[in-house]
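Overview (structure and organization)
Read off the chains here:
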Amino acid sequence: MIGQDDPRLCDCNDLARRLAEAARLSAAVLLTMRMARDVKVKADGSPVCSADLAADHTAKGALARLLPGFPVISEESADAVAPAPIFILLDPLDGTREFLANGDSYCVAIAIIRDGRPIAGAIAAPQLGRLWFAGEGAFAQRLASDGAALGEPERIHVRSLPPDGPVTLVSRFHGDELSDKVAVAMGSRATMPMSSAVKFGLIASGEADLHVRAGQTMEWDIAAGDAILKAAGGSVLMLDGDLPRYGASERQFRNPPFVAASSEALARRAAAAADNVQRAMVP
């Protein structure tokens, strides 16, 4: 177990760089297994294939080397490790349906949780050639076609809300009526279908503004994006206005509905819009 006085916790940017390396290595494995189609359905109804398991193995090996002693709770072994005050959340293949459909917006997502909140995170999207990571600051880096890092990381920041309305990211495979109606209520000038935690990276990089998700997600789906978006100047809120909390094994690590936005003000407006939409949907 990692103690609160562990000196590594003093430099969250260094933690983020280590997570980024683990995510990049795992993402490179996904590239080599692009044709994996040996799909099984897990107890929760979600798909898993050999690529998930190979990336999980690679990520855990890299994390054991780069961040020894940190407990790792992974989507593929969530019952094997109990949450601690400080632990790692890992999704070795976020967007499995996107991966199996030969899409581009799948990723590896990793975050360090301290007292229920993320202090560092990394998202590697190998098919898009992009890597986002954050501790105190938020950074982006390009990836080569084999998953190797290109050039130096660059600082990123959210953009100001465009005067003609937000660009809203919607889930490609997991759309829901509430999210669609909130996008309309917010005056979205465009909606972009996108899978996985890549959505957080695009908002953090100033390429989109808003994402609302009412359908089921898990903590490992959003923790890394939460860390990156917060460091880039954005915000992730539950629809009741509270910050997400991580490590809730009592709810099997399921998230309530949430909003990710380029600012806290926009997130709160979207959460209020969602409340109004929900009231109108009640018969």
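Residues numbered from 1 in each chain as written. Predicted model: local features only at pLDDT ≥ 70, side-chain atom pairs only at ≥ 80, totals over all residues. Heavy atoms only, no water.

Let's talk about the packing of helix α4 (residues 177-185) against helix α7 (residues 264-281)
In the contact formed by α4 and α7, the axes pass within 9 Å of each other and the chain directions differ by 120 degrees. Here α7 runs oblique to α4, going by the angle between their axes. By crossing handedness, the relation of α4 to α7 is classed as right-handed. The residues of α7 that touch α4, namely those facing Glu177, Leu178, Lys181, Val182 and Ala185, are Ala270, Ala273, Ala274, Val277, Gln278 and Met281. Considering only residue class, the contact of α4 with α7 consists of 8 nonpolar, 1 polar and 2 charged. (Axes fitted to C-alpha atoms, helices over the stretch in contact; angles between N-to-C directions. Helix = DSSP H or I, 4+ residues; strand = E, 2+ residues; numbered from the N terminus. Parallel < 35°, antiparallel > 145°, perpendicular 65-115°, else oblique. Left-handed = near helix turned anticlockwise from the far one by under 90°. Contact = heavy atoms within 4.5 Å. Nonpolar A, V, L, I, M, F, W, Y, C, P; charged D, E, K, R; others polar.)

Regarding the packing of aromatic side chains
Counting across every chain of the model gives 4 aromatic pairs. A ring pair is formed by Phe99 and Tyr106, whose centres lie 5.0 Å apart and whose planes are at 90 degrees; its orientation type is edge-to-face. Take Phe99: its relative accessible area is 0%, and that puts it in the buried class. Residue classification places Tyr106 among the buried residues on the basis of a relative accessible area of 0%. Ring geometry for Phe133 against Phe139: centres 5.4 Å apart, planes inclined by 20 degrees, an arrangement best described as stacked. Judged by its relative accessible area of 3%, Phe133 falls in the buried class. Note that Arg34 overlies the ring of Phe99, its terminal NZ or CZ placed 4.9 Å from the centroid. (Phe/Tyr/Trp six-rings, centres within 6.5 Å; stacked < 30°, edge-to-face > 60°. Buried < 20%, exposed > 50% of the residue type's maximum accessible area, 1.4 Å probe, protein only. Lys NZ or Arg CZ within 6 Å of the ring centre and 35° of its normal.)

Considerations on the side chain of Asp221
Topologically, Asp221 is positioned in helix α6 (residues 219-231). Within the local environment of Asp221, its side chain forms a polar contact with the backbone nitrogen of Met218, the two atoms lying 2.7 Å apart. Ignoring sequence-local partners within four residues, the contact set of Asp221 consists of Asp91, Asp94, Ala197 and Phe200. (Polar contact = N/O pair within 3.5 Å; in protein donor to acceptor, adjacent residues only side chain to side chain.)

Side note on unusual backbone geometry
For Ser196, which is not glycine, the phi dihedral falls at a positive 70 degrees. Structurally, Ser196 can be placed in the loop between β11 (190-194) and α5 (198-204). Positive phi, close to 65 degrees, is recorded for Phe253, a residue that is not glycine. Relative to the helices and strands, Phe253 resides in the loop between β13 (235-238) and β14 (258-261). Look at Phe253 and you get buried, because its relative accessible area is 5%.

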